[in-house]
Amino acid sequence: MRRQSTMLAAILLAAILGSATARTNSPPRIIKQPAPGELLFKVAQQNKESDNPFIIECEADGQPEPEYSWIKNGKKFDWQAYDDRMLRQPGRGTLVITSPKDEDRGHYQCFASNEFGTATSNSVYVRKAELNAFKDEAAKTVVAVEGEPFMLKCAAPDGFPSPTVNWMMQQSVDGSIKSINNSRMTLDPEGNLWFSNVTRDDASDDFYYACSATSVFRSEYKIGNKVLLDVKQMGVSASQNKHQPIKQYVSRRQSLALRGKRMELFCIYGGTPLPQTVWSKDGHRIQWSDRITQGHYGKSLIIRQTNFDDNGTYTCDVSNGVGNAQSFSIILEVNAIPYFTVEPDFKTAAEDEEVVFQCEAAGFPEPKISWIHNGKPIEQSTPNPRRTVTDNSIRIVNLVKSDTGNYGCNATNSLGYVYKDVFLNVQALPPEIEEPPTALSTVDGRNVTLRCRVTGAPKPQVRWLRATNWLTGGRYIVQGNGDLQILDVTFSDAGQYTCYAENKFGNKSAEGSLAVMEHTRITQEPQNYEVAAGQSATFRCNEAHDGNLEIEIDWWKDGQPIDFEAQPRFVKTNDNSLTIAKTMELDSGEYTCVARTRLDEAAAKANLIVQDVPNAPKLTGITCQADKAEIMWEPQGDNRSPILHYTIQFNTSFTPASWDTAFEKVPNTDFSFVVQMSPWANYTFRVIAFNKIGASQPSAHSESCTTQPDVPFKNPDNVVGQGTEPNNLVISWTPMPEIEHNAPKFQYRVSWKRDIPAAAWENKDINEWHQNNIVITDQPTFVKYHIKVVAINERGESNTAAEQVIGYSGEDRPLDAPTNFTMRQITTATSAYLAWTPVSEESVRGHFKGYKIQTWTENEGEEGLREIHVKGDTDTALVTQFKPDSKNFARILAYNGRFNGPPSAIIDFDTPEGVPSPVQSLDAHPLGSSAFWVTWKKPLHPNGKLTGYKIYYEEVQGSFVGERREYDPHITDPRITRMKMAGLKPKTKYRISITATTKMGEGTEHYIEKSTLGDSNLAPATPSFAWEQLPSDNGQAKFRINWQPSTEGHAGTHFFTKYRVKGETQWSNAKEEKMTDYQEIAGLDPETAYEFRVVSVDGHYYTESATQEIDTNSVEGPIMVPNETVANAGWFIGMMLALAFIIILFIIICIIRRNRGGKYDVHDRELANGRRDYPDEGGFHEYSQPLDNKSAGRQSVSSANKPGVESDTDSMAEYGDGDTGMNEDGSFIGQYGRKGL
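The structure displayed is predicted, hence computed values, not measured ones.

**What to know about the overall build of the chain**
Here comes step 1: Counting secondary structure elements, the chain contains five helices and 99 strands.
Here comes step 2: Across the chain, the fraction of contacts at a sequence separation of at least 24, relative to all contacts at a separation of at least 6, is 64%.
Here comes step 3: As displayed, the chain offers around 67000 Å² of accessible surface, 49% of which is attributable to carbon and sulfur atoms.

**Comments concerning the nonpolar core**
Here comes step 1: By size, the foremost hydrophobic cluster in this structure holds 39 residues, and its most contacted members are Trp-936, Ile-951, Met-981 and Phe-1092.
Here comes step 2: Element by element, the count of residues in this core is highest for strand β83 (residues 931-939), at five residues.
Here comes step 3: Not counting the four nearest positions on each side in its chain, Met-981 is found in contact with Ser-930, Ala-931, Phe-932, Val-934, Ile-951, Tyr-953, Tyr-967 and Ile-992.
Here comes step 4: Residues Cys-154, Tyr-209, Cys-211 and Val-227 belong to the second largest nonpolar core, which totals 22 residues.

**Quick look at the side chain of Thr-995**
Here comes step 1: Within the secondary structure, Thr-995 sits in strand β88 (residues 989-998).
Here comes step 2: Those residues in contact with Thr-995, other than ones at most four positions away along the chain, are Gly-948, Tyr-949, Lys-950, Tyr-952, Glu-1002, Gly-1003, Thr-1004 and Glu-1005.

**Some points on the environment of Ser-831**
Here comes step 1: Among the secondary structure elements, Ser-831 is positioned in the loop between β75 (819-826) and β76 (832-837).
Here comes step 2: Separated by 53 residues in the primary sequence, Ser-831 and Pro-884 place their C-alpha atoms 8.9 Å from one another.
Here comes step 3: Those residues in contact with Ser-831 that lie beyond four places of it in its chain are Ile-826, Leu-878, Val-879, Thr-880 and Phe-882.

**Side note on the packing of aromatic side chains**
Geometrically, a pair of aromatic rings is defined through the distance of the ring centres and the angle of the planes.
Here comes step 1: Applying the stated criterion across every chain yields a total of 36 aromatic pairs.
Here comes step 2: When the ring of Trp-470 is compared with that of Tyr-500, the centres are 5.9 Å apart and the planes differ by 65°; the resulting orientation is edge-to-face. Taken as a pair, Trp-470 in strand β45 (residues 469-470) and Tyr-500 in strand β48 (residues 495-503) lie far apart in primary sequence, 30 residues in all.
Here comes step 3: Where Phe-782 meets Tyr-808, the ring centres are 4.9 Å apart and the plane angle is 15°; that geometry is what we call stacked. You can see Phe-782 sitting in the loop between β71 (773-776) and β72 (784-793) and its partner Tyr-808 sitting in strand β74 (residues 805-808), a full 26 residues away along the chain.

**Section: the sheet that holds strand β49 (residues 506-517)**
Here comes step 1: An order of β41-β49-β48-β44-β45 is seen for the five strands of this open sheet, with the pairing classed as mixed. Looking at strand neighbours, the two that pair on one side only are β41 (439-443) and β45, the edges of this open sheet.
Here comes step 2: Bridge count between β48 and β49: nine bridges; the pairing is antiparallel. Bridge pairing in β49 links Gln-496 to Ser-513.

**Describing the pairing of strand β64 (residues 672-676)**
Here comes step 1: Along β64, the buried face is formed by Phe-673 and Val-675; none of Ser-672, Val-674 and Gln-676, which line the opposite face, is buried.
Here comes step 2: Here strand β61 (residues 628-634) pairs with β64 via five bridges, running antiparallel. In the strand pairing of β64, Ala-629 is matched with Val-675.

**So, the pattern of salt bridges**
Here comes step 1: Tallied over the full model, the rule gives 53 salt bridges.
Here comes step 2: Two residues, Asp-483 and Arg-453, come together in a salt bridge whose shortest N-O distance is 2.8 Å. Of this pair, Asp-483 sits in the loop between β46 (476-478) and β47 (484-486) while Arg-453 sits in strand β43 (residues 453-457), placing them 30 residues apart in sequence.
Here comes step 3: Overall, Asp-483 belongs to the buried group, its relative accessible area being 2%.

**As for the pairing of strand β62 (residues 645-652)**
Here comes step 1: Among the eight residues that make up β62, eight are buried, leaving the element largely enclosed by the rest of the structure.
Here comes step 2: Because side chains alternate across β62, one face comprises the buried residues His-645, Thr-647, Gln-649 and Asn-651, and the other comprises Tyr-646, Ile-648, Phe-650 and Thr-652, equally buried.
Here comes step 3: Examined bridge by bridge, β62 and strand β63 (residues 660-667) share five bridges and lie antiparallel to one another. Along β63, the bridge assignment pairs His-645 with Pro-667.
Here comes step 4: Here β62 pairs with strand β65 (residues 682-690) via eight bridges, running antiparallel. Across the sheet, the residue bridging to Tyr-646 is Ala-689, located in β65.

Thresholds applied
Residues numbered from 1 in each chain as written. Predicted model: local features only at pLDDT ≥ 70, side-chain atom pairs only at ≥ 80, totals over all residues. Heavy atoms only, no water. Helix = DSSP H or I, 4+ residues; strand = E, 2+ residues; numbered from the N terminus. Contact = heavy atoms within 4.5 Å. Areas by Shrake-Rupley, 256 points an atom, 1.4 Å probe, with all protein chains shown as cover. Core = buried A, V, L, I, M, F, W, Y, C linked by side-chain atoms within 4.5 Å. Buried < 20%, exposed > 50% of the residue type's maximum accessible area, 1.4 Å probe, protein only. Phe/Tyr/Trp six-rings, centres within 6.5 Å; stacked < 30°, edge-to-face > 60°. Pairing = 2+ DSSP bridges. Salt bridge = Lys/Arg side-chain N within 4 Å of Asp/Glu carboxyl O.

Shown next, in the form of structure tokens:
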């Protein structure tokens, strides 16, 4: 039992010691206290209102807990003596007065004490707030004279604080009130209402002028001094009732202001009209700001938070245009309640150390500093030879425990005081680490601080250890508070750090760590952007950061984050770029990209300039003269794009709804310009500014300028004489707008005469100004005229001579066709030389424009003809629009400005083959790594019979093309439009070219560039195939299998065919085909059903097509029969005999018909085909007229140089294409060739 008691005592002692050391002993410290100055309270009026409790704060901390005491008016204050009307808050020194009374007024000060010292609070003056009532008196009537200054005086009641006085209007019926806000009425600080001048409207017919006094603290106001104002009218107009400025109320000439307080200077003057006030300081005009403003419509100057810079002479200059201007000067002096410039600090030190308390204060008048020790003036404290006291400091050396205590600095002048209480705590403690270092992360290149806050007395020495090395100097700085600062951190600084604190009573250590990561940086900074308004702008921002950190990209504008939800035009894209849609001028500014992690951030800035069209210029004036006007303007801003020039526009009373350009580009440095004006018009002008973005809105239009009438200054433009019918002359011109008429009664005088000697002018007046032509009938066809049109008004003819122009009456159809139209020579498949005999100019009957050669082919027909225009001064032409390998037809005609002439005879001729046009399309699909599947479409214009295709290929490396090689074999079947191109290099780009061929050679090539694939480990996509049966040469079936590789996926490099008889299980495989896209499978049994597949191959991968069934029932080609030859086959002998009999019979019929001579019906057939050029005399016309170049009908080119009838070379073949065969009726086969028109 005794042992248990001993253990219990030990535990209790440890607990006591622990609690004693948990908090360090210290003198008291005031933490709550009343502010210096006054504290108001309100005393409840008897039976009218409830009590209003108030408190006087005082609270301190310290160890042990401090005890509190109060003094009132310099004497000890026993608050317990006031029954329950006063109490103190538990654990605090704060006094609570629950039922204030008048005797509670006085100066109060609180003291907090424990065994180590006494702390002193501010001294506060507690005072009762009150507001008395106005004298109870009836409203009185006062008289004011209209136009003169006037004053209403307020006898405000007493109160504390001084009540706020105002004047208001109170309705006499219901007692409602209305405040006064009028530039003529001003309230001075004493509560008087000043009228700068009285008007009739100021008379109070149905209301009172009343004075009010308000106590803000008491939340109440009183009303009194009610006045009825009677305005005596002077019987003169307001413009005649004038009074020069007269002083009504001004601030004191020597005025005082307190630093930090509000100050208002008054300068109230009356007069009619209302005087205007201008303020200046020390001879310089006041620059108004948020701190210095005007009040009472300029009659006062308000300074918020006055400072010493506001000292000076303030002058108000007052004028209203009547009499002399008035002025008044106020000298303002700024005083200041004392304030600390250096405050004393709380000190904790160890024995044998030294401390200094510093205290400095400013104010005006200059404050006096006194020191307090433990609640008493330091002069009354126990003398201490180790303590030195001056006006601004206390210095104590070789500290001992008894030096612990409170010290206060009090700065005082006539306006008030400032006080601060601090303490000195002398201790003897071993080191304690209150804030040990922690696990800290940072990024390279920054400065970092490892915290280590220690306590102890004397102050411990702190050192830092890393591994076995003490960190001193260089990039390592141990700060006065024990923290370790590392400058310009590198990755090698990562690791463990130890903080070691030591004084004479012991030591203490604690560990922390530092992790170093890669710093964040901007790798692509946004660039400055200049954009036109309405367009989009994009800022790009890329960053790099440590992979262990999360990154966030933000965008700021002008130092503020962009709210993307509130501004939908601003969009942050997935790559963190910032896009601004439909930019406007307000979007201009500085944009910042901020890349932020939890450890650091990086930022980059760029400027956006949004340029818009200029603001509309402002017209400043116009000067009108007889025939010109000077326009003046001012620019109103270029919206960040300099103005390039100005355009001056005008409109007149003739065209009020439209604006014309008077001068297009006035230099941007000019702000006035002189423009000419036409007579007899009303002009208004406006100005438009231009920059590189565009045109501004127009300025407002100017006043009107009017000009006097005059003769026209010009004649109509674009005068033309040109007939529209063979027997008329149409004279046309451009009507002159009304602005060019220059006077009333405007008309045109149209004059014309033939271009022959002694011809007289004929005239016609046109009174309609908007008419633009006249028609003169009954004129000879296409003759020459002299023409002029003159402008006339009531003042006379134009002062400019009218220009004479040449015109012609109407054109008619040309009479003659060109003759001897022949084809001289075919030069190419599409061109030939043509010749003809020209027509005479007289036969053209109009402006000779030249010839039209019309050509078409047999296939196109005449409706598809093409026209070639040839100048009129030539009789030959090289025509290059013929079709190759076709029978071409041609004719020629002359034409004038309105009509085509009659055509010539039609000629026809055959053109040779040409080279083809390019193929319509070409594509190449990679087949594995070494081949292409090439497909194309035939040429649109073969220009002959296609004989095949040539394919070329070249390696392409960058911009260089290698050797050109033709792919073998050459394609000789024009029906083929696909092929496999094999034997190529893997992963190589090729240029593949193709040309179609005819017997005339290769056509224009078409090429593409494609790349082969690399080696692949993919199975080919499923192929397909087509087949065709080939003629057999041995009685067995033969088929061609055409591979169709997939163009949607991986095609494979080559293929082979597999087949079997339907129903069998064993497949036969053809050899792999690596060069072409087809295989021929022969030796198949007739009348047998087979199943076929093709297999696409790529390396070790195979993919089969779907199965197709092929039946060999019909076998094309000869079938060999055993033991029978062609020579002894019965069917063959019979066929040969029948063929011989038919040939003999045909020859006999031809001989008989040839001997019939003149009974052939050639003449009738030529008449049916349009030939009408035979003479009237008798005879056999088909032989009497040679087909020479003078024939008016269609002729064959091959007949152009044939001899006459007597020629030994004459034959019936000359009528056609050389074919002498006969039809069944005995007429010649093709005697005319293809029919013409």
